[in-house]
Amino acid sequence: MNPAPFITCELLRSFTKFCGKSFPSDASEAYMLTGMAYESIDELKLWSLPEVYYQSCIRTYPHSTQAERCYTRFEENIYAGYTGSSGTHLPSDVRTKLQTLREEAQKRPNQLAISLR
């Protein structure tokens, strides 16, 4: 018996429990790691779960390096889901969602530089 799925599931339970804590930067890391863990057990066919956790990561700690990392993984998962032998075909609502999340994830320009002008 391969223990990897059991170990992965136990890690997922731990991360999910940790995500409920009130430590925003730590929670965003937990969301990202949970999304990555779900990606690694794709034989369970839980396709949307990684995206759910990556979105939670972005929304928990927006405009941060961690949010940008989560967005990159989110975008890769979305593109993989809409790519086949005939190419990539993203519906317009999915493109809109990607744009919205990208803006939420990207770091904001330094406010100090703006106020010095």
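A. Here's a closer look at the pattern of salt bridges. For the structure on display, the rule yields two salt bridges. Linking R59 and E104 is a salt bridge whose minimum nitrogen-to-oxygen distance equals 3.7 Å. In this pair, R59 is assigned in helix α3 (residues 48-60) and E104 in helix α5 (residues 92-105), connecting sequence segments 45 residues apart. A relative accessible area of 46% means that R59 is categorised as partly exposed. By relative accessible area, which is 21% here, E104 ends up partly exposed. Close ionic contact of R102 with E75 constitutes a salt bridge, the shortest N to O distance being 3.5 Å. Pair noted here: R102 is in helix α5 and E75 is in helix α4 (residues 65-81), with a separation of 27 residues, a long-range link. Using a relative accessible area of 25% as the deciding quantity, one classes R102 as partly exposed. Residue E75 is classed as partly exposed on the basis of its relative accessible area of 23%.

B. Fine view of the packing of α4 against α5. Put simply, α4 and α5 touch, their axes get as near as 9 Å, and they point 165 degrees apart. Relative to α5, α4 is oriented roughly antiparallel. Classified by chirality, the crossing of α5 by α4 is left-handed. Residue-level inspection shows A67, E68, Y71, F74, E75, I78 and Y79 of α4 in contact with α5, the latter providing V94, K97, L98, L101, R102 and A105. Looking at the contact of α4 with α5 residue by residue, the class counts come to nine nonpolar, no polar and four charged.

C. Structural view of the nonpolar core. Within the largest apolar cluster, 19 residues are counted, with the highest numbers of intra-cluster contacts made by I58, C70, Y71, F74, I78 and L98. Of all the secondary-structure elements, those providing two or more residues to this core are α2 (24-40), α3, α4 and α5. Among the elements that make up this core, the one with the highest residue count is α4 (five residues). Contact partners of F74, with chain neighbours within four places excluded, come to E51, Y54, Q55, K97, L98 and L101.

D. How the structure looks around the packing of α3 against α5. Closest axis-to-axis distance for the α3/α5 pair is 9 Å, and the angle between their directions is 40 degrees. Comparing the axis directions of α3 and α5 gives the class oblique. α5 is crossed by α3, and the crossing has left-handed handedness. Every residue of α5 that contacts α3 at Q55, I58 and R59 is listed here: K97, L101, E104 and A105. Residue classes in the contact of α3 with α5 are distributed as three nonpolar, one polar and three charged.

Rules and cut-offs
Residues numbered from 1 in each chain as written. Predicted model: local features only at pLDDT ≥ 70, side-chain atom pairs only at ≥ 80, totals over all residues. Heavy atoms only, no water. Salt bridge = Lys/Arg side-chain N within 4 Å of Asp/Glu carboxyl O. Helix = DSSP H or I, 4+ residues; strand = E, 2+ residues; numbered from the N terminus. Buried < 20%, exposed > 50% of the residue type's maximum accessible area, 1.4 Å probe, protein only. Axes fitted to C-alpha atoms, helices over the stretch in contact; angles between N-to-C directions. Parallel < 35°, antiparallel > 145°, perpendicular 65-115°, else oblique. Left-handed = near helix turned anticlockwise from the far one by under 90°. Contact = heavy atoms within 4.5 Å. Nonpolar A, V, L, I, M, F, W, Y, C, P; charged D, E, K, R; others polar. Core = buried A, V, L, I, M, F, W, Y, C linked by side-chain atoms within 4.5 Å.

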